[in-house]
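Here is what each chain is made of, one letter per residue.
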Amino acid sequence: MVCLLAAACIAVSATTFTVMHHLQITQFDQELKTTSTRVLHFDRTAGENRAPGSPPVSNNPPLTNAPGVPAQTVLIRIIGSQVMDAGLRDWATGARQYLSAQQVAVLRGLPLGYPVTRDIPGLGDYRLIAVKALDGDVIITGLPLAPLHAAQYHLVAVETGVTVATLILTALLGALTIRRTLRPLERIAATARRVAELPLHRGEVALPVRVPEVDVDPRTEVGQVGAALNRMLGHVADALAVRQAGETRLRQFSADASHELRTPLAAIRGYAELTRRVSDLPPDVAHAMRRVESETERMTNLVDDLLRLARMDSDRPLANEPVDLSWLVIDAITDARIAGPDHRWRLDLPEESVTVTGDEASLHQAVANLLTNARVHTPPGTTVTTALTMSGDQATLSVVDDGPGIRADLLPQVFSRFARGDTSRRHSAGTGGLGLAIVKAIVEAHGGNIDVNSRVGQTAFIMRLPVRPGV
Ligand SMILES: Nc1ncnc2c1ncn2[C@@H]1O[C@H](COP(=O)(O)OP(=O)(O)OP(=O)(O)O)[C@@H](O)[C@H]1O
Ligand SMILES: [Mg+2]
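Reading guide: rules and limits
The numbers attached to residues start from 1 for each chain and follow its sequence in the written order. Here the convention is simple: chains get letters from A, ligands get numbers from 1, in the order in which they are written. Local features in a predicted model are, by the rule used here, given only for residues with pLDDT of at least 70; side-chain atom pairs are given and counted only at 80 or more, and totals for whole chains, interfaces and linings are based on all residues. Water and hydrogen atoms play no part in the side-chain values, which are based on all heavy atoms of the structure. Here a residue is near a molecule or strand as soon as one of its heavy atoms is found within 4 Å of it. Definition of a polar contact: a pair of N or O atoms within 3.5 Å, with one able to donate and the other able to accept a hydrogen when the atoms are protein atoms, and with sequence-neighbouring residues admitted only if both atoms are side-chain atoms. In short, Shrake-Rupley with a 1.4 Å probe defines the accessible areas, and a residue's cover is counted only from the protein chains shown. Numbering of helices and strands runs from the N terminus; a helix is a DSSP stretch of H or I covering at least four residues, while a strand is a stretch of E covering at least two. Any residue that is not Ala, Val, Leu, Ile, Met, Phe, Trp, Tyr, Cys, Pro, Asp, Glu, Lys or Arg is counted as polar, Gly included; the first ten are nonpolar and the last four charged. Where helices are involved, their axes are fitted lines through C-alpha atoms of the stretch in contact, as for all axes, and angles between N-to-C directions lie from 0 to 180°. Take the far helix as the reference: if the near one is turned anticlockwise from it by less than a right angle, the crossing is left-handed, and if turned clockwise, right-handed. Only heavy atoms matter for contacts: two residues are in contact if any of them lie within 4.5 Å across the pair. Strand pairing requires that DSSP identify at least two bridges connecting the strands.

The next point concerns the site of ligand 1. Surrounding ligand 1, one finds 20 residues, the nearest of these being N373, H377, D401, G433 and L434. Contact distances for ligand 1 include 2.8 Å between an oxygen atom and a side-chain N or O atom of N373. One nitrogen or oxygen atom from the main chain of G435 is found 3.0 Å from an oxygen atom belonging to ligand 1. Calculation on ligand 1 without its partners gives an accessible area of 590 Å², and the protein chains cover 90% of this total. Breaking the shell around ligand 1 down by element, the ones donating at least two residues are α7 (360–376), α8 (435–445) and β13 (458–466). Looking at side-chain class alone, the shell around ligand 1 contains 8 nonpolar, 9 polar and 3 charged residues.

Have a look at this one:
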């Protein structure tokens with residue numbers, strides 16, 4: 001805005017200056033012509049007796065004696081090519097000054113009849129007119145342009161001053177006005193920022209943030225933006241509430257279903273075991289009973305996992321007690337050694353015991369799931385190295401095996417629910433695909449994270465836990 005205004009001011013000033021200059025010069029030339037006429041008249045009356053072309057009579061008064069001629073007027077008489085009388089009268093001192101040869105040289109060969117501008121050395125710019133008198137003499141009359149220049153300088157100075165003052169004032173008032181006008185927009189932006197900071201992606205979401213009443217006036221553009229944002233926030237809040245209700249229902253359903261399934265599963269398992277123990281069962285029935293038992297066990301594990309996940313999803317608070325990770329890992333490895341005697345189990349613990357705050361049972365479950373995977377998904381003879389380190393406020397637990405690795409296409413979603421490498425769905429394989437999903441849920445509930453990298457001959461799960469979550 002200031003740039004535009006500056007351009008406009010410069011254009012107006014330049015136009016004013018040009019027009020003024022033109023008017024002033026026209027007026028000046030008029031004055032010059034009047035003076036010239038006056039001098040001619042004086043010359044005619046003073047030199048009436050002189051023959052045309054002859055030199056002026058010695059007692060002829062010089063042209064500078066002409067009455068009504070303004071101060072500093074240059075007056076020259078040229079007869080033929082001879083300069084006869086070249087001078088100016090300084091009315092301030094009353095003295096008559098003669099022009100030097102150098103000054104006169106500039107004035108030779110002036111065109112007749114119309115005014116021109118010349119710079120006379122020592123006197124500055126002059127507006128001059130050369131006129132032929134009746135007796136054939138050329139009389140040059142010149143008026144100093146200094147007063148005109150002074151007026152023009154004055155005009156330029158005033159215009160520059162006014163322009164600069166206008167620009168500064170406009171910049172200040174403009175900035176103030178714009179800032180005041182945009183203040184509601186800043187408040188709307190602040191509202192949007194506050195909404196952006198809310199954790200909307202999961203859990204119970206309250207969206208109480210709204211643009212204040214004063215900024216939703218539909219008569220202003222900013223008010224319309226505020227009102228539109230409020231409407232949008234209302235819709236988002238409704239959508240989030242619907243989403244949350246749906247999720248809660250689903251979680252409740254899977255928790256209830258898992259819970260309800262446990263009792264009949266336990267009964268099936270008990271009856272199958274009882275039946276199998278009957279001594280005179282035909283071999284095929286005994287085999288069927290064993291299958292019933294093993295499948296029931298698999299289903300019980302699956303149902304337990306589902307229930308655990310449903311509980312984790314419902315953001316139930318976990319226990320918040322000191323857990324000695326070193327001992328927890330030692331216990332888990334001991335169990336793994338018994339379950340997988342054909343694997344080589346290595347343990348790498350720091351001298352100092354590592355303690356974090358959290359839920360011991362859940363953390364044990366997470367470590368056990370990783371060890372179980374290292375046992376179940378690798379051939380006998382595989383070496384599994386479990387290492388625990390502590391750096392700063394973070395405990396890092398890694399489970400690395402030199403087994404066949406995880407398939408590249410499975411790796412990106414290995415922590416997703418029901419992601420399994422066993423695509424043949426051989427139920428006898430006995431895995432459900434929930435183990436790593438549970439590990440991830442547990443680690444994240446403790447404020448930590450888990451990564452995996454795997455290639456043939458090395459699969460590493462790296463679990464990082466903050467010593468005190470939330471600190
Ligand atoms: N150490 C490992 N080596 C090779 N593959 C692995 C390893 N750990 C996990 N996997 C692959 O990742 C898949 C997902 O593991 P996850 O623990 O989630 O499920 P699962 O072991 O198949 O079933 P569940 O643990 O529920 O009994 C596994 O099916 C397996 O293919
Ligand atoms: Mg597993």
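The next point concerns the packing of helix α6 (residues 325–339) against α7. Packing of α6 against α7 leaves a shortest axis separation of 10 Å and a crossing angle of 35°. At the point where α6 passes α7, the crossing takes the right-handed sense. Each of L328, D331, A332, I333, D335, A336 and A339 in α6 lies in contact with α7, whose residues at this interface are E360, L363, H364, V367, L371 and R375.

So, on to the sheet that holds strand β3 (residues 95–98). The 6 strands are arranged β3-β2-β1-β6-β5-β4 in an open sheet whose pairing can be described as antiparallel. With partners counted over all chains shown, the strands left at the sheet margins are β3 and β4 (116–120), one partner each. Strand-to-strand twist across the sheet, computed as the mean angle between neighbouring axes with direction ignored, equals 30°. Where strand β1 (residues 74–79) and strand β2 (residues 82–90) come together, 6 bridges link them in antiparallel fashion. Bridge assignment links I78 to a residue of β2, and that residue is V83. Where helix α1 (residues 2–46) meets the sheet, it contacts β1, β5 (124–132) and β6 (138–144), and its direction lies at approximately 140° from that of β6.

Geometric values such as these leave the question of function open.
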